[in-house]
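# Overview (structure and organization)
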Amino acid sequence: MNPRILIGSLAVVVVLGTAALPAAAQDVTAEVKTWSGQSLRLSRPSLEVFYTILPKEEGPGGPQVPGAGSTPGAMGGGASSGTLIGTEVKGSVQNLSRLFGGGGPEPLQGNRQAETVSIRQAGVERRIPVDTIRDLAFKREQVSNSTLPPYIAPTHFRYAASVLLNDGSRVEGDYVNLGTVILRGLSPEGRVDIPWQDIEVVRFSR
């Protein structure tokens, strides 16, 4: 069983050993500050987006795929190149019932490295290549009158972001939702995974 360490209010998974990572990422480090006040320094950092793919639907005429897959890292359909704007699961009622325990083949889980971060300002979306980002700072505001159940409503936040680019320019966003994204990197103890919602600021050094 992989060892686990607990940092503040975060459950950070540590996996012994080094995963294969692109050579370009080997000289990059990330300094992370979490909302709980913890600070970490990670080598070989990457932003990983997770997604779900529903199995093909079997019909009278053989296999059918009426929108049975999910679009990794994209919301609202369409092609994606790892853009961080959430994860949408699509499919027929029969396929979706499999996702929620209705029997049939199990959905396939996957992840891949994200290439861009999407933020919105006044309704205009901008996609920023990850390798051009120096600092990524989040702001959050608790949602008042949340419709979520009382036991989870205190964790319901709306997020904004400020991005400092390598060229010194800054991009502001009044709304950001990175969906299932985590920041992944290596510490002296092993691999560390941090959900983006737990990050206050991350600074990349290249």
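Residues numbered from 1 in each chain as written. Predicted model: local features only at pLDDT ≥ 70, side-chain atom pairs only at ≥ 80, totals over all residues. Heavy atoms only, no water.

## A few points about the overall build of the chain
Inclusion rule: Each helix is a run of DSSP H or I of at least 4 residues and each strand a run of E of at least 2, with the numbering of both proceeding from the N terminus. Classification of residues uses two cut-offs on accessible area relative to the type maximum, computed with a 1.4 Å probe and protein chains only: under 20% is buried, over 50% is exposed, and between them is partly exposed. Residue contacts are defined here by distance: any two heavy atoms, one from each residue, within 4.5 Å place the two residues in contact. Areas reported as accessible are Shrake-Rupley estimates using a 1.4 Å probe. Residue values count occlusion only from the protein chains shown.
Within the chain one finds 1 helix and 18 strands. Here the chain holds 206 residues, and 39% of them are scored as buried. Sequence-distant contacts, at least 24 apart, represent 59% of the contacts inside the chain between residues at least 6 apart. Taken as a whole, the chain presents about 11,400 Å² of accessible surface, with 53% of it coming from carbon and sulfur.

## Focus on the pattern of salt bridges
So the rule is basically this: The salt bridge definition used is simple: a Lys or Arg side-chain nitrogen within 4 Å of an Asp or Glu carboxyl oxygen.
Taken as a whole, this structure holds 6 salt bridges when the rule is applied. When salt bridges with common partners are traced through the structure, they connect R120, E125 and R127 into a single cluster.

## Here we look at the pairing of strand 17 (residues 190–195)
We apply this condition: Whether two strands pair depends on DSSP finding at least two bridges between them.
By the bridge criterion, 6 bridges tie strand 16 (residues 182–187) to strand 17 in an arrangement that is antiparallel. Residue pairing across strands places L183 opposite I194, the latter belonging to strand 17. Linkage of strand 16 to strand 17, two consecutive antiparallel strands, is achieved through a turn of 2 residues.

## A look at unusual backbone geometry
Unlike most non-glycine residues, A122 shows phi in positive territory, near 55°. Position of A122 among the secondary structure elements: in the loop between strand 11 (116–121) and strand 12 (124–129). Look at A122 and you get exposed, because its relative accessible area is 65%.

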